[in-house]
Amino acid sequence: MTAQARLSVSTWSLHRDLGITYPDSPESENEGKAQETYGPGSLTLLELPERIAAIGIHTLEICHFHLYRQDHEYLKDLRAALDEAGVELFSLLIDDGDITSADHAERDMAWIGNWIEVAGLLGAKRARVIAGKSDPSPEVLEKSKANMSVLIQQAADQGVRLMTENWFPTLSTPENVQWLLNELDGQVGLCADFGNWGGTTKYEDLAQIFPLAESCHAKCSFAAPQTADREDYIRCLDLTQAADFNGPYTLIYDGPSDHEWSGIFEEIEMVRPYIKQ
């Protein structure tokens, strides 16, 4: 598929509507057991593709802990729901694991590898993994590079492109993001998240990585319900435009209101002018 700027949404933005999660982590003793983390929910993951298609969004990212099961029958049903709604699964967001851990990297690599296989079975275009949770050092960055190289091949075997994000300590600076992606010769994509970095250098730092981004998490800050930080959001969106970004703008609503769709609609209104027709 040719790269194209478009609206997308993450299941994280609708975690209250989905309600139930199925926590799974490398050290978990309760893998996949349903929890009403955000209440009982009013929407299932199988119903979500049709719901977002109805509002004109045809690209989705799924957090791994929103998957009810990992067996082939369920994954086949979810893939069918996506196909029937005309929704592309852009990325499976593998939201745990530390490939730079001094004690558990091997265990976490195996866990991540299992989820990359799930991404392939779902027909996801990408699998987003964390490049490391350890504080950056030359040794940690080299370990991230080595283990990412292994995951690159595992993803390729599943027909999936590997992607990472400016998230957690290992990739907490633009210099480290640039170093890792350059060392991996373009074999790993970047999801650039508006909200993961802050401080006085936020916009300068994001400007350095947006030229590398093939997706972005367009996260708007809400100080209160229906009180979006529009100035910050527009400034971040302007940075994507300056970088000639041409990928999915995945809407991330993480505000205080339980009315998640309202927050998403407000983000859509601000993002739409940046979608090239």
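Reading guide: rules and limits
Residues numbered from 1 in each chain as written. Predicted model: local features only at pLDDT ≥ 70, side-chain atom pairs only at ≥ 80, totals over all residues. Heavy atoms only, no water. Buried < 20%, exposed > 50% of the residue type's maximum accessible area, 1.4 Å probe, protein only. Helix = DSSP H or I, 4+ residues; strand = E, 2+ residues; numbered from the N terminus. Pairing = 2+ DSSP bridges. 1 Å grid on protein atoms, 1.4 Å probe; cavity = no way out; pocket = protein on both sides within 12 Å on 5 of 7 lines; lining within 4 Å. Points joined across faces, edges and corners; volume = space filled by probe spheres on them. Nonpolar A, V, L, I, M, F, W, Y, C, P; charged D, E, K, R; others polar. Core = buried A, V, L, I, M, F, W, Y, C linked by side-chain atoms within 4.5 Å. Contact = heavy atoms within 4.5 Å.

Chemist: Can you lay out the pairing of strand E1 (residues 6-10) for me, pointing to particular residues and giving the numbers?
Modeler: Within E1, 5 of the 5 residues are buried, leaving the element largely enclosed by the surrounding structure. Neither face of E1 is exposed, since Arg 6, Ser 8 and Ser 10 on one face and Leu 7 and Val 9 on the opposite face are all buried. Of the strand pairs in this sheet, E1 and strand E10 (residues 248-253) are connected by 4 bridges, and their pairing is parallel. When the sheet's bridge partners are listed, Leu 7 is paired in E10 with Tyr 249. Direction of pairing for E1 relative to strand E2 (residues 59-63): parallel, over a ladder of 2 bridges. Along E2, the bridge assignment pairs Ser 10 with Glu 61.

Chemist: So, the layout of surface pockets: which residues are in play, and what are the values?
Modeler: Size it by volume and the largest pocket reaches roughly 340 Å³. Here the residues of the lining of the largest pocket are counted per class, giving 8 nonpolar, 6 polar and 7 charged. By volume, the second largest pocket amounts to about 180 Å³. Residue lining of the second largest pocket: Leu 18, Ile 20, Tyr 22, Pro 40, Leu 43, Thr 44, Leu 45, Leu 46, His 66, Tyr 68 and Tyr 74, and that is the complete set.

Chemist: Can you lay out unusual backbone geometry for me, pointing to particular residues and giving the numbers?
Modeler: Although it is not a glycine, Phe 168 adopts a positive phi angle of roughly 70 degrees. Accessibility expressed as a relative area gives 30% for Phe 168, which makes it partly exposed. Its identity as a non-glycine residue notwithstanding, Asp 185 has a phi of 55 degrees, on the positive side. Examined against the element boundaries, Asp 185 turns out to sit in the loop between helix H6 (174-183) and strand E6 (188-193). Here Asp 185 falls in the exposed class, since its relative accessible area comes to 62%.

Chemist: Tell me about the nonpolar core, and please be specific about residues and values.
Modeler: A general feature of soluble globular proteins is that nonpolar side chains tend to end up buried together. One finds Leu 67, Ile 94, Leu 151, Leu 162, Tyr 233, Tyr 249 and Leu 251 to be the most contacted residues of the largest nonpolar core, which totals 76 residues. With near-sequence residues (within four places) excluded, Tyr 249 lies in contact with Ala 5, Arg 6, Leu 7, Ser 8, Cys 216, Leu 237, Thr 240, Val 271, Tyr 274 and Ile 275.

Function cannot be read off these values alone, since they describe shape.
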